[in-house]
Amino acid sequence: MIVYLNGAFLPPAKASISPLDRGFLFADGVYEVIPSYRGAFFLLDEHLERLRRSLGGIRMPEPQPDEGWTPMLEGLLQRNPGGDRSVYLQVSRGAAPRDHAFPAAAAPTVFAMVSPIVETRPDPGEAGIAAITLPDQRWGRCDIKSVALLANVLARQQAVESGAVEAILLRDGVVTEGAASNVFVVHGDTVSTPPLGHAILPGITRRFLLDALRDTGWDCREAPVTEEALRSADEIWITSSTRELVPVTSLDGRPVGGSRPCPAWRRALEIFRCARDRSMGIEDAGAIR
Ligand code: PDD
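Keep in mind that this is a model prediction, so the values were computed, not measured.

> Would you explain the overall build of the protein in this entry?
Along the protein, the regular secondary structure elements total seven helices and 15 strands. Taking 19 Å as the expected radius of gyration for a compact globule of 289 residues, we find that the protein reaches 19 Å, a close match to that expectation. Its C-alpha atoms give the protein principal-axis dimensions of roughly 55 × 45 × 30 Å. The 289 residues of the protein split such that 50% are buried.

Given below as structure tokens:
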């Protein structure tokens with residue numbers, strides 16, 4: 001494995017960061033997770049645009065590598081050959097004597113690494129994943145993709161300890177998102193997902209799925225999803241760059257919807273993958289693999 005740190009491609013053991021790094025001391029940084037399929041990035045521009053937004057949200061100038069983000073990220077993929085992979089890219093405010101206020105001068109730390117995309121989607125014939133609901137205890141700017149993820153970490157751990165895969169978070173009686181995903185619910189022919197705002201991350205997969213479904217005539221709403229609407233949904237899906245679109249078939253230990261194995265999810269995944277492959281210029285678009 002080769003990682004990228006501040007201009008160099010290195011084995012992880014050689015990549016060292018100061019303990020005074022504000023990413024370590026304050027979680028003062030932001031990140032992206034960018035998927036790649038067959039060696040090419042999917043929606044890279046959208047991820048870089050969101051990175052810029054997150055940096056703006058924490059009032060950090062954009063620290064581009066000398067060659068720019070794209071050659072650096074592609075160089076990292078080439079140095080880590082394999083199947084479908086995601087790149088984790090983190091930018092922190094850098095090392096400086098510990099003080100909450102911004103340092104007068106600190107070079108930002110830019111780190112990137114590659115991970116395999118592990119297929120968590122069940123086979124179409126199988127049941128989907130289990131999720132639990134939890135109160136959303138995060139801060140008020142969840143639209144910034146901050147590395148300060150302690151509340152998400154604790155929620156995800158509680159899900160795992162309950163035998164589930166994801167935690168779906170509720171605030172003031174409505175769904176916000178998953179610990180590391182956006183949430184969609186299906187009622188009849190209508191697909192709903194919570195609206196953008198400070199309470200959720202503007203997921204790249206969420207946006208792409210909404211556009212792809214609307215292009216094929218689906219009724220998609222970006223509107224508050226109440227706890228009652230979550231619990232009465234025919235289907236629940238979660239989306240993220242590393243999972244694409246996954247059905248939740250058990251919520252707090254109870255089955256979601258009827259006994260049918262998520263027919264809308266199946267069609268939606270087909271549409272998503274067709275649109276994904278088309279946008280990447282991949283030939284055999286469409287087949288659920
Ligand atoms: N997380 N909401 C949260 C809180 C997330 O952490 C993520 C993704 C999403 C989905 O966003 P996107 O479709 O752009 O990946 C929503 C990444 C994958 C992670 O932290 O590993």
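> Before we go on, may I ask you to explain a nonpolar patch on the surface in this structure?
Taken together, the side chains of Leu-20, Phe-24 and Leu-25 define a hydrophobic patch exposed on the protein surface, amounting to about 300 Å² of accessible area. Position of Leu-25 relative to the elements: it lies in helix 1 (residues 22–26). Using a relative accessible area of 31% as the deciding quantity, one classes Leu-25 as partly exposed.

> Explain the domain arrangement of the protein here, please?
Split into domains, the protein comes out as domain 1 (3–116) and domain 2 (129–280). The gap between the C-alpha centroids of domain 1 and domain 2 is 26 Å. Domain 1 puts 22 residues into the contact, and the matching count from domain 2 is 19 residues. When domain 1 packs against domain 2, close to 1800 Å² is buried across both sides, 68% of that on carbon and sulfur atoms. The largest contributions to the domain 1 side of the interface with domain 2 come from Tyr-31, Phe-42 and Arg-50, which together make up 35% of the buried area. Between Asp-143 and Arg-53 there is a salt bridge; the shortest N-O distance is 3.3 Å. There are six residue pairs in polar contact (both at pLDDT 80 or more) connecting domain 1 and domain 2. Listing elements by their share of the side of domain 1 that touches domain 2, those giving two or more residues are strand 3 (29–37), strand 4 (40–41), helix 2 (44–57) and strand 5 (85–92). The biggest single contributor to the side of domain 1 that touches domain 2 is strand 3, with seven residues. Considering only residue class, the side of domain 1 that touches domain 2 consists of twelve nonpolar, six polar and four charged.

Procedures and definitions
Residues numbered from 1 in each chain as written. Predicted model: local features only at pLDDT ≥ 70, side-chain atom pairs only at ≥ 80, totals over all residues. Heavy atoms only, no water. Helix = DSSP H or I, 4+ residues; strand = E, 2+ residues; numbered from the N terminus. Rg over C-alpha atoms; globule rule 2.2 N^0.38 Å. Buried < 20%, exposed > 50% of the residue type's maximum accessible area, 1.4 Å probe, protein only. Patch = residues over 30% accessible without salt bridge, like charges linked within 9 Å, V, L, I, M, F, W, Y side chains within 5 Å. Areas by Shrake-Rupley, 256 points an atom, 1.4 Å probe, with all protein chains shown as cover. Salt bridge = Lys/Arg side-chain N within 4 Å of Asp/Glu carboxyl O. Domains from an automatic or database assignment. Contact = heavy atoms within 4.5 Å. Buried area = accessible area lost by both parts, 1.4 Å probe. Polar contact = N/O pair within 3.5 Å; in protein donor to acceptor, adjacent residues only side chain to side chain. Nonpolar A, V, L, I, M, F, W, Y, C, P; charged D, E, K, R; others polar.

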